[in-house]
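The residues making up each chain are set out below.
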Amino acid sequence: MKDGLLIHLLLASLAFCSVQAAPSKEETVALDWLDRAPPPARIGVSWGVPWPQGNITKVETFALSDADGKPLSVQSWPLAYWPDGSVKWTGHAVAATPETRGPLTLSHGSSAAPETPVRAAETKEFIEIDTGHVKCRIPKQGQHLIDSISIGGRAVGEHGRLICVLEDRSDYETNHTTREVEFVSRVNSAVIEQRGPVRAVVKIQGEHWSEAAHRAWLPFTVRLYFYAGVDTIRLVHSFVFDGDQEKDFIREIGRASCRERV
């Protein structure tokens, strides 16, 4: 997919670190950007916080505030548990802006509501996500990872799919020739893995398929991350190599094509 469509692989170079001392229920957790500077543009950021055994229950809620004490919208969820059932790690997500100055304070309480919460809906055929800036429609089956993207009510792209190129060397020793075969994504399922006011995650699973070779290989998982009020989508693509290591060579993988709407 083209950069002009605001589809970027955001590897979250911005991160938080917590205080060294394990907080009690009455204490707060101080967080800050690793480079001590807020992001240059609005961006979705997720991080984790560890907790001592017996300190946090599964039903605990959290609030977040910036350096000036302004409440921020934060989404929280448990990541791991201690043997006694208390929470060992919590995950948190925020839509940060250049005004989100640290240090930030994470405390027990209720989060402020975002101005434009993420909305996730689904039908039998599609999942639809609306961040308040971007609307994305995701098919549950077929070739396309993304059926359409619109910004401000204007369609900017459609029919996004993965492309993989296999280099077949099975005839190389005899005739010194190779053959390239193009594969495209074939989606088997798409589910809303997480939904909330600040962040929504869509998990897409499938395989790379070639009609010419009548073959499927490299099963993949793609996760799309959406954040409230953010006009970018984070895409994480992973796959399993299930080919023949003696003759199946990956010439190209991870490239995505999308028809841009002008």
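Everything that follows concerns the structure shown earlier in this document.
On a predicted model such as this, the values are computed, not experimentally measured, just so you know.

Any chance you could break down the pairing of strand β8 (residues 87–96) for me, citing the residues and the numbers?
In the case of a regular strand, side chains alternate between the two sheet surfaces. For β8, a buried count of eight out of 10 residues is recorded, marking the element as mostly surrounded by other parts of the structure. Bridge count between strand β4 (residues 43–50) and β8: eight bridges; the pairing is antiparallel. Counterpart to G48 in the pairing with β8 is G91. Of the pairings in the sheet, the one linking strand β7 (residues 75–81) to β8 comprises six bridges and is antiparallel in character. Opposite W77, over in β8, you have G91 as the bridge partner.

Which residues make up the pattern of salt bridges, and what are the values?
All told, the structure shown has 11 salt bridges when counted by the stated rule. For the salt bridge of D32 with R36, the shortest nitrogen-to-oxygen distance reads 3.3 Å. Residue D32 is classed as buried on the basis of its relative accessible area, which comes to 13%. The exposure class assigned to R36 is exposed, which follows from its relative accessible area of 58%.

Describe the nonpolar core, naming the residues involved and giving the relevant values.
I138, I204 and L224 are the most contacted members of the largest nonpolar core, which has 24 residues in total. For this core, the secondary structure elements donating two or more residues are β11 (126–130), β12 (134–139), β13 (146–151), β14 (154–168), β15 (179–194), β16 (199–210), β17 (215–227) and β18 (233–239). At four residues, β17 tops the list of elements feeding residues into this core. Those residues in contact with I138 that sit more than four places away from it in its chain are E125, F126, I127, I129, L145, D147, A190, V202, I204, L224 and F226. With 18 residues, the next largest nonpolar core counts I43, W51, I56 and V74 among its residues.

How would you explain unusual backbone geometry if you had to name every residue and give the values?
For the peptide bond that leads from G102 to P103, omega is 0°, which places it in the cis range. Topologically, P103 is positioned in the loop between β8 and β9 (104–108). In this model, H214 sits at a positive phi of 50°, which is unusual for a non-glycine residue. With respect to the helices and strands, H214 occurs in the loop between β16 and β17. Taking relative accessible area as the criterion, H214 reaches 59% and is therefore assigned exposed.

Calculation rules
- Residues numbered from 1 in each chain as written.
- Predicted model: local features only at pLDDT ≥ 70, side-chain atom pairs only at ≥ 80, totals over all residues.
- Heavy atoms only, no water.
- Buried < 20%, exposed > 50% of the residue type's maximum accessible area, 1.4 Å probe, protein only.
- Helix = DSSP H or I, 4+ residues; strand = E, 2+ residues; numbered from the N terminus.
- Pairing = 2+ DSSP bridges.
- Salt bridge = Lys/Arg side-chain N within 4 Å of Asp/Glu carboxyl O.
- Core = buried A, V, L, I, M, F, W, Y, C linked by side-chain atoms within 4.5 Å.
- Contact = heavy atoms within 4.5 Å.

By themselves these figures say nothing about function.
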